[in-house]
Amino acid sequence: MKRTTILMAAFLCLFGLTESPAQNTHKNMEQLNLTQEWDKTFPKSDKVNHSKVTFINRYGITLAADLYAPKTIFGGKLPAIAVSGPFGAVKEQSSGLYAQTLAERGFLTVAFDPSFTGESGGQPRSVASPDINTEDFSAAVDYLATRPDVDAERIGIIGICGWGGFAINAAANDTRIKATVASTMYDISRCTANGYFDAADNADARYKIRQEFNTQRTEDYRTDTYPRTVMNPEPIGDAPQFIKDYYDYYKTERGYYPRSINSGLGWNKTSNLAFLNAPILAYADEIRSAVLLIHGEKAHSRYFSEDTFKKLKGDNKELMIIPGAVHTDLYDRTDIIPFDKLEEFFKEYLK
């Protein structure tokens, strides 16, 4: 008994679980310069009220979001949904479309820019993190759960593309999330460490990638600069169809947006280094809340959802395959994105 008590005390001390005087983080919130006019890649709905909001994550980074609220509210507090993605996109693109459409259907929603991107804070820019980006979802839940017009027991999340993976990771970690949708998901950790279809899943390949990343780190520090990648150049020759699909969305009038990494800003070249050692879906099998995975039948990325679904446990998990759809169809094709199913799913599990 004494040994158990000593071990527990050591655990609490090691992981900082003992109490000390609190600090007020909200006073340190960064003042962001937010665009107020409508500037999305999709038309504005006359069925919702739109406003800009900010909130802070556990690392002190201030996040920018678009809030969508239904104009017609029939009493009581609302169920709420936080949306982000795709990986390298901003809230003016797919996530905003999802958020606005779900607000039309009775949910209070926020579409947020991840840390280090879009209108959100964080330096340096154009960086991703398996930990911080998962935390961004929980920060959105913090914000929603403390709004007076939201029922804190009825909060869900939607992650699109790479943010589908972060959404699954957040659901495994944050018990306040009652329902999760991952649409056309990528597992960024797996893709970074193993390559597409796990074709480079070996230690030598990963070692070579680490060498390249770390050589770049030295150069970045020496020059005090952060060179960026070139995203979605115009496909030439026999480029894979999904490369053409990305270009068609991010680099044309269909989905181009100037603050979007994928539309041209590019990622910091060392951005994905942490993903090599951080399998974000390690505890997906421990998610007890509801999960809906949606993917296109013809999507090159379909295996991410199928393999993730195999890990999930419980009768509140579902995989929905959209016939004929490719990866980017679920970004903005309102005739293909199954919004009726999304509404049904969230109404069932956020009731």
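Residues numbered from 1 in each chain as written. Predicted model: local features only at pLDDT ≥ 70, side-chain atom pairs only at ≥ 80, totals over all residues. Heavy atoms only, no water.

### Examining the overall build of the chain
And then number 1: Per the secondary structure count, the chain includes 11 helices and eight strands.
And then number 2: Computed over the C-alpha atoms, the radius of gyration of the chain is 20 Å, within 12% of the 20 Å expected from 2.2 N^0.38 for a compact globule of 351 residues.
And then number 3: The principal-axis extent of the C-alpha atoms belonging to the chain is close to 60 × 60 × 45 Å.
And then number 4: A separation threshold of at least 6 residues defines the contact pool for the chain, and within that pool the share at least 24 residues apart is 73%. (Helix = DSSP H or I, 4+ residues; strand = E, 2+ residues; numbered from the N terminus. Rg over C-alpha atoms; globule rule 2.2 N^0.38 Å. Contact = heavy atoms within 4.5 Å.)

### A closer look at the packing of aromatic side chains
And then number 1: Under the definition given, this model contains 26 aromatic pairs.
And then number 2: Between F112 and W163 the ring centres are 5.7 Å apart and the planes differ by 80°, which places this aromatic pair in the edge-to-face class. Of this pair, F112 sits in strand β4 (residues 108–112) while W163 sits in helix α4 (residues 162–173), and the two are 51 residues apart along the sequence.
And then number 3: Residue F112 is classed as buried on the basis of its relative accessible area of 1%. (Phe/Tyr/Trp six-rings, centres within 6.5 Å; stacked < 30°, edge-to-face > 60°. Buried < 20%, exposed > 50% of the residue type's maximum accessible area, 1.4 Å probe, protein only.)

### A word on the pattern of salt bridges
And then number 1: On inspection of all chains with the given rule, the structure shows 30 salt bridges.
And then number 2: When the shortest N-O distance is used, the salt bridge between D39 and K40 registers 3.2 Å.
And then number 3: Here K310 makes a salt bridge to D307, at a shortest N to O gap of 3.7 Å. Here D307 and K310 lie together in helix α9 (residues 302–311), a separation of three residues that amounts to about one turn. (Salt bridge = Lys/Arg side-chain N within 4 Å of Asp/Glu carboxyl O.)

### Some words on the UniProt feature "domain: Xaa-Pro dipeptidyl-peptidase-like" (unreviewed entry) in the chain
And then number 1: As annotated by UniProt and renumbered to match this structure, "domain: Xaa-Pro dipeptidyl-peptidase-like" (unreviewed entry) occupies residues 60–324.
And then number 2: Helix makes up 35% of residues 60–324 and strand 19%, with an end-to-end C-alpha separation of 43 Å. (UniProt positions renumbered as here; feature names shortened; annotations may be inferred.)

### Let's talk about the packing of helix α2 (residues 94–104) against helix α11 (residues 339–349)
And then number 1: In the contact formed by α2 and α11, the axes pass within 11 Å of each other and the chain directions differ by 65°. Judged by the twist between their axes, the crossing of α2 over α11 is right-handed. Contact residues: α2 offers Y98, T101 and L102, while α11 offers F339, L342, E343 and F346.
And then number 2: Taken together, the residues of the contact of α2 with α11 break down into five nonpolar, one polar and one charged. (Axes fitted to C-alpha atoms, helices over the stretch in contact; angles between N-to-C directions. Left-handed = near helix turned anticlockwise from the far one by under 90°. Nonpolar A, V, L, I, M, F, W, Y, C, P; charged D, E, K, R; others polar.)

### A short note on the sheet that holds strand β1 (residues 48–56)
And then number 1: Pairing is mixed across the open sheet formed by eight strands, whose spatial order is β1-β2-β4-β3-β5-β6-β7-β8. Since the sheet does not close on itself, it has two edges, and those belong to β1 and β8 (317–322), each with one partner. Averaged over all pairs of adjacent strands, the angle between their axes in this sheet comes to 20°, without regard to strand direction.
And then number 2: Note: strand β7 (residues 290–296) against β8, six bridges, orientation parallel. When the sheet's bridge partners are listed, G296 is paired in β8 with I322.
And then number 3: Relative to strand β5 (residues 150–160), helix α3 (residues 130–145) is tilted by about 150°, and along the sheet it contacts β1, β2 (62–70), β3 (78–84), β4 and β5. (Pairing = 2+ DSSP bridges.)

### With respect to the pairing of β4
And then number 1: Extensive coverage of β4 is indicated by the burial of five of its five residues.
And then number 2: Neither face of β4 is left uncovered, since the one carrying L108, V110 and F112 and the one carrying T109 and A111 both have all their residues buried.
And then number 3: By the bridge criterion, four bridges tie β2 to β4 in an arrangement that is antiparallel. Considered in β4, the bridge of Y68 is made with T109.
And then number 4: Where β3 lies against β4, four bridges are found, and the strand directions are parallel. Its bridge partner lying in β4, A80 is registered against L108.
And then number 5: Tracing the backbone out of β3, into α2 and back to the parallel element β4 gives a crossover that is right-handed. (Right-handed = clockwise from strand over helix to strand, strands pointing away.)

### Some thoughts on unusual backbone geometry
And then number 1: Following G85, the chain continues to P86 via a peptide bond in cis, the omega torsion being -5°.
And then number 2: Along the chain, P86 turns up in the loop between β3 and α2.
And then number 3: The residue after Q123, namely P124, is reached through a cis peptide bond having omega -5°.
And then number 4: Unusually for a residue other than glycine, S126 sits at a positive phi of about 60°.
And then number 5: Residue classification places S126 among the buried residues on the basis of a relative accessible area of 2%.

### Digging into α9
And then number 1: Within the span of α9, buried status applies to Y303, F304, S305 and T308.
And then number 2: Its buried side turned inward, α9 meets α4, α5 (188–194), β7 and β8.

### Things to note about the pairing of β2
And then number 1: Where burial is concerned, most of β2 is hidden: nine out of the nine residues are buried.
And then number 2: Of the two faces of β2, the one carrying T62, A64, D66, Y68 and P70 and the one carrying L63, A65, L67 and A69 are both buried.
And then number 3: As paired strands, β1 and β2 are joined by nine bridges and run antiparallel to one another. Paired with S51 across the bridge in β2 is L67.
And then number 4: What sits between the antiparallel neighbours β1 and β2 is a turn of five residues, in which G60 has the positive phi angle 80°.

### With respect to the state of the cysteines
And then number 1: Enumeration according to the criterion identifies zero disulfides in this entry.
And then number 2: Residue C161 stays outside any disulfide, its sulfur separated by 9.4 Å from that of C191, the closest cysteine.
And then number 3: With relative accessibility at 5%, the residue C161 sits in the buried group. (Disulfide = S-S within 2.5 Å.)

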